[in-house]
Amino acid sequence: MWYSKQVTETHPLALKYPKSVTDISEVIVAEGGRNINCIERVINLDIVETERCSGSSADELKTMDIAVGVCHGALNEIVLCELRLRYKSAKQLKYSEIDGKLRHSKELCGQLTCIHRNFFFVFQDRIVQQAKAKLRRLNKNKSTWLAISSKELKTIIFS
Amino acid sequence: MDKSYKLQLKINDIRAIKEANIALDGITVITGENGCGKSTISHLTYTLLKTIIDYDEIVEDGVKEIYKNIYLTLGRVLLSLNLPDRRESHNQYRSLFRNYNKNSIKAGNKLLLGAIDFTIQQLIRDKSSNSIMDPKSERIEMMIVGLLKDQKAYTIGNISELLVELKLYLNEILINANSQKDELSLDVLYDVLDEEFHDKPLPKTFSITEYGTQLIDIKENIITPFFSVENVVYIDTPMVLGLPIEEERQHWSDLSQLLETKRTSLNKDIGFSNDIQNGILNGDAIYSDENLADNTFIYKRDDGSVFDLVECATGIKSFSILLMLYKNGLLNDKTLLIIDEPEAHLHPQWVVEYARLIVKMNKQFGVTFLIASHHPDMISAIKYISQKEKIDDKLHFYLAERYGKTYNYNYRHLGTDIEDIFKSFNIAYERMDQYGDTE
């Protein structure tokens, strides 16, 4: 899997809500993390949701934080990531909240681009291992909810 | 200078442990893979503390064991004599001296000296017994020589002389015991360790300090008594509750005794009992000695049903042990409670309840804990509940880490940071992904 600027910037959400396309480092810093010195573009789903609902009566729904276009083999996919960099412990993770966010994010991203099978949750280094264990427990031991550090995010998706 | 903890145990090169420097001050949790020496730390800590706390009793028990042998052997000698009133003589012996082990070892010594004199008098009455020609004389002499310390040094020839030697030996035993009690000799501890760790001699590479002061001085061969701990309890499995105890597991029989013996200073606060009885067990656990022929641990459920605890679920036993320790006045600031894998046999919900009680016992009663655990929920529950209860300044996690490619482990102090413990636990998920379809 490798990052694709083209898949990201040509995604219908990026085209419809251009303000939502921003540098990954900016989002990470805004969410309480350290600058990872990465200027690759991602779709900020919080901005998408705010813009989608502005001027309408629709309620804003909770979503994952960012959507990133990647190439995975021959496929173009969207990777959904949640930034939990302000969390001080893994105990704050709730199944219903994560499940709801994933559902709304998938609906938002639509059917045109495949959603990557793994979902990434980014934590501070000092609680990543506890979060890994907690997410596995919450997801009935399936391996598709992955806790990673922001450094690992850079390695897995952007390098 | 190192921080001074209530107690601190240092171990080097004992079994799988390469180096461990464990603080016992608040709640200490040691973790690591199987075979890293966690149970050795628990067992060694228990044996060291228990021996030092019960030092006088252990010395006296050793003496009483010798007394018992002397009393029984003299009885056999009397029954071997050619006396017309042999039975009466033996009955008189029993009625005069049978209380040899009921009081102090000094009083026992006095009684047994009288028992030897009594035996000498009976020998005089049996004219044949001191004759070299009498084959039974040799047998009696061998019995008495068997009692003496250096058996090879005595030549068989005169029973009365041997009995005088026995009197001297008896006095020597008392003097040595009193001297051991005065000096607090490490030899007593070494003897206990040899019995407890009998597979091979335990290296003398351990030490224990109390607020920074060395309590075991190997160079000077002396022990200094503790003041911060008066009771030490070791629970390595709740399965032992109510079972007949094998003698080679001293800590099982010690635990059983603690559960059966009510103290005068019972805990009067019923809040903790209620917590376990109503919130967890839905009933009460008691030791019943109503029927002396059938003493037993009983679980009385709140619907009126009564069960022998031996037959109950192991989780019920785990909490029952805590409840009975509390009711017997053993949960206080002078107690060190050592528990190996408290999570064993517990439903995940009860793992968290058990962790909550550990924190509560520390916060409310000041009990010091040494816990060995493998369980992510036990580890995280102890951490986060302690944090909420604001006692995490006295929380110490340790992780056993393999030393190079050897099978030896160093114990790293993590403070309250459990991240590396979880890193080691998470290897299980990698294995699950490797062997199973988890996507």
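Above this text is the structure in question.
Residues numbered from 1 in each chain as written. Chains lettered and ligands numbered in written order. Predicted model: local features only at pLDDT ≥ 70, side-chain atom pairs only at ≥ 80, totals over all residues. Heavy atoms only, no water.

Helix and strand content of chain B: 14 helices and 15 strands. The C-alpha extent of chain B, read off along each of the three principal axes, is 95 × 55 × 45 Å. The proportion of buried residues among the 439 residues of chain B is 49%. Nonlocal contacts in chain B, meaning residues at least 24 apart in sequence, comprise 68% of its contacts between residues at least 6 apart. Of the roughly 21800 Å² of accessible surface on chain B, 49% is carried by carbon and sulfur atoms. Averaging the coordinates of the 49 positive side-chain charges in chain B and doing the same for the 67 negative ones gives two points 3 Å apart. (Helix = DSSP H or I, 4+ residues; strand = E, 2+ residues; numbered from the N terminus. Buried < 20%, exposed > 50% of the residue type's maximum accessible area, 1.4 Å probe, protein only. Contact = heavy atoms within 4.5 Å. Areas by Shrake-Rupley, 256 points an atom, 1.4 Å probe, with all protein chains shown as cover. Lys, Arg positive; Asp, Glu negative; His and termini not counted. Charge placed at Lys NZ, Arg CZ, Asp CG, Glu CD.)

Now for a negative patch on the surface. All names here are of chain B. Together, Asp56, Glu57, Asp61, Glu65, Asp182 and Glu183 make up a region of like negative charge exposed at the surface. Of all the secondary structure elements, the ones that give two or more residues to the negative patch are helix H2 (55–79) and helix H6 (159–183). Mapped onto the elements of the fold, Asp182 is located in helix H6. (Patch = residues over 30% accessible without salt bridge, like charges linked within 9 Å, V, L, I, M, F, W, Y side chains within 5 Å. Salt bridge = Lys/Arg side-chain N within 4 Å of Asp/Glu carboxyl O.)

We now examine the interface of chain A and chain B. Contacts between chain A and chain B engage 18 residues on the former and 13 residues on the latter. Across the interface of chain A and chain B, roughly 1400 Å² is buried in total on both sides, 47% from carbon and sulfur atoms. On the chain A side of the interface with chain B, the three residues burying the most area are Gln129(A), Gln130(A) and Arg136(A), jointly 40% of the side's total. In this assembly, chain A and chain B are joined by 2 salt bridges. Across the salt bridge formed by Arg137(A) and Asp377(B), the nearest N and O atoms sit 2.8 Å from each other. Summed over the shared surface of chain A and chain B, the number is 9 residue pairs in polar contact (both at pLDDT 80 or more). Class assignment of the residues belonging to the side of chain A that touches chain B gives a composition of 4 nonpolar, 6 polar and 8 charged. (Buried area = accessible area lost by both parts, 1.4 Å probe. Polar contact = N/O pair within 3.5 Å; in protein donor to acceptor, adjacent residues only side chain to side chain. Nonpolar A, V, L, I, M, F, W, Y, C, P; charged D, E, K, R; others polar.)

Once that is clear, we can look at the packing of helix H1 (residues 38–53) of chain B against helix H7 (residues 186–196) of chain B. Residue and element names in this part refer to chain B. The geometry of H1 relative to H7 is characterised by a closest axis approach of 10 Å and an angle of 145 degrees between their N-to-C directions. Here H1 and H7 pass one another in a crossing that is right-handed. Touching His43, Leu44, Thr47, Leu48 and Thr51 of H1 are Leu189, Val192, Leu193 and Glu196, all from H7. Residues of the contact of H1 with H7, tallied by class, amount to 5 nonpolar, 3 polar and 1 charged. (Axes fitted to C-alpha atoms, helices over the stretch in contact; angles between N-to-C directions. Left-handed = near helix turned anticlockwise from the far one by under 90°.)

With that settled, the discussion passes to H2(B). Along an α-helix, residues three or four apart share an orientation, since each turn contains 3.6 residues. The terminal C-alpha atoms of H2(B), which comprises 25 residues, lie 37 Å apart, in line with the 36 Å expected from a rise of 1.5 Å per residue. Within the span of H2(B), buried status applies to Tyr55(B), Val59(B), Val63(B), Tyr67(B), Ile70(B), Tyr71(B), Thr73(B), Leu74(B), Gly75(B), Val77(B) and Leu78(B). (Expected span 1.5 Å × (residues − 1).)

With that settled, consider helix H10 (residues 314–327) of chain B. Residues and elements named next belong to chain B. Under the 1.5 Å per step criterion, the end-to-end length of H10 is 20 Å for 14 residues, consistent within 8% with the ideal 20 Å. In terms of burial, H10 is largely enclosed, as 13 of its 14 residues are buried. Following H10 by one or two positions, Gly329 adopts a phi angle in the positive range, close to 75 degrees.

So, on to the side chain of Thr31(B). All names here are of chain B. Within the secondary structure, Thr31 is located in strand E3 (residues 27–31). Owing to a relative accessible area of 1%, Thr31 belongs among the buried residues under this scheme. Here the side chain of Thr31 touches Ser373 through a polar contact of 2.8 Å, landing on its backbone oxygen. For Thr31, the contacting residues outside a window of four places in its chain are Lys38, Ser373, His374, Ile379, Tyr398, Leu399, Ala400, Ile421 and Phe425.

All right, on to the pattern of salt bridges then. A full pass over the atoms with the stated rule returns 23 salt bridges over all chains. In this structure, Arg412(B) and Glu401(B) form a salt bridge, with 2.8 Å as the shortest nitrogen-oxygen distance. With Arg412(B) in strand E15 (residues 409–415) and Glu401(B) in strand E14 (residues 395–402), this residue pair connects regions lying 11 residues apart in the sequence. Overall, the relative accessible area of 33% leaves Arg412(B) in the partly exposed class. Several salt bridges converge on common partners, so that one network encompasses Glu82(A), Arg84(A), Glu97(A) and Lys101(A).

Residue and element names in this part refer to chain B. Pairing is antiparallel across the open sheet formed by 3 strands, whose spatial order is E9-E10-E11. The open sheet has two free edges, formed respectively by strand E9 (283–288) and strand E11 (306–308), since each of these has just one partner strand. Across this sheet, the average inter-strand angle for adjacent strands is 25 degrees, counted without regard to direction. The sheet contact formed by strand E10 (residues 296–301) and E11 spans 3 bridges and is antiparallel. Bridging across to E11, Tyr299 finds its partner in Phe307. (Pairing = 2+ DSSP bridges.)

The subject of this paragraph is the packing of aromatic side chains. Residue and element names in this part refer to chain B. Applying the stated rule across the entire model yields 19 aromatic pairs over all chains. Judged by centre distance (5.8 Å) and plane angle (65 degrees), the ring pair of Phe97 and Phe118 falls under edge-to-face. One end of the pair, Phe97, is in helix H3 (residues 86–97); the other, Phe118, is in helix H4 (residues 105–125), with 21 residues separating them in the sequence. A residue is classified by how much of its surface remains accessible, and Phe97, at 7% relative accessible area, is buried. (Phe/Tyr/Trp six-rings, centres within 6.5 Å; stacked < 30°, edge-to-face > 60°.)

Residue and element names in this part refer to chain B. If you walk across this open sheet you meet the 10 strands as E5-E4-E1-E2-E15-E14-E3-E13-E12-E8, and the pairing is mixed. The open sheet has two edge strands, strand E5 (213–214) and strand E8 (231–235), and neither has a second partner. By the bridge criterion, 2 bridges tie strand E4 (residues 206–210) to E5 in an arrangement that is antiparallel. If you follow Glu210 over to E5, its bridge partner there is Thr213. Sitting on the sheet, H1 is in contact with strand E1 (7–14), strand E2 (17–24), E3, E4, E8, strand E12 (335–340), strand E13 (368–372) and E15, with an inclination near 150 degrees to E8.

So, about unusual backbone geometry. All names here are of chain B. Of note, the phi angle at Tyr211 is positive, near 45 degrees, even though the residue is not glycine. Residue placement: Tyr211 occurs in the loop between E4 and E5. Phi at Asn282 takes a positive value of approximately 50 degrees, unusual for a residue other than glycine. Look at Asn282 and you get partly exposed, because its relative accessible area is 38%.

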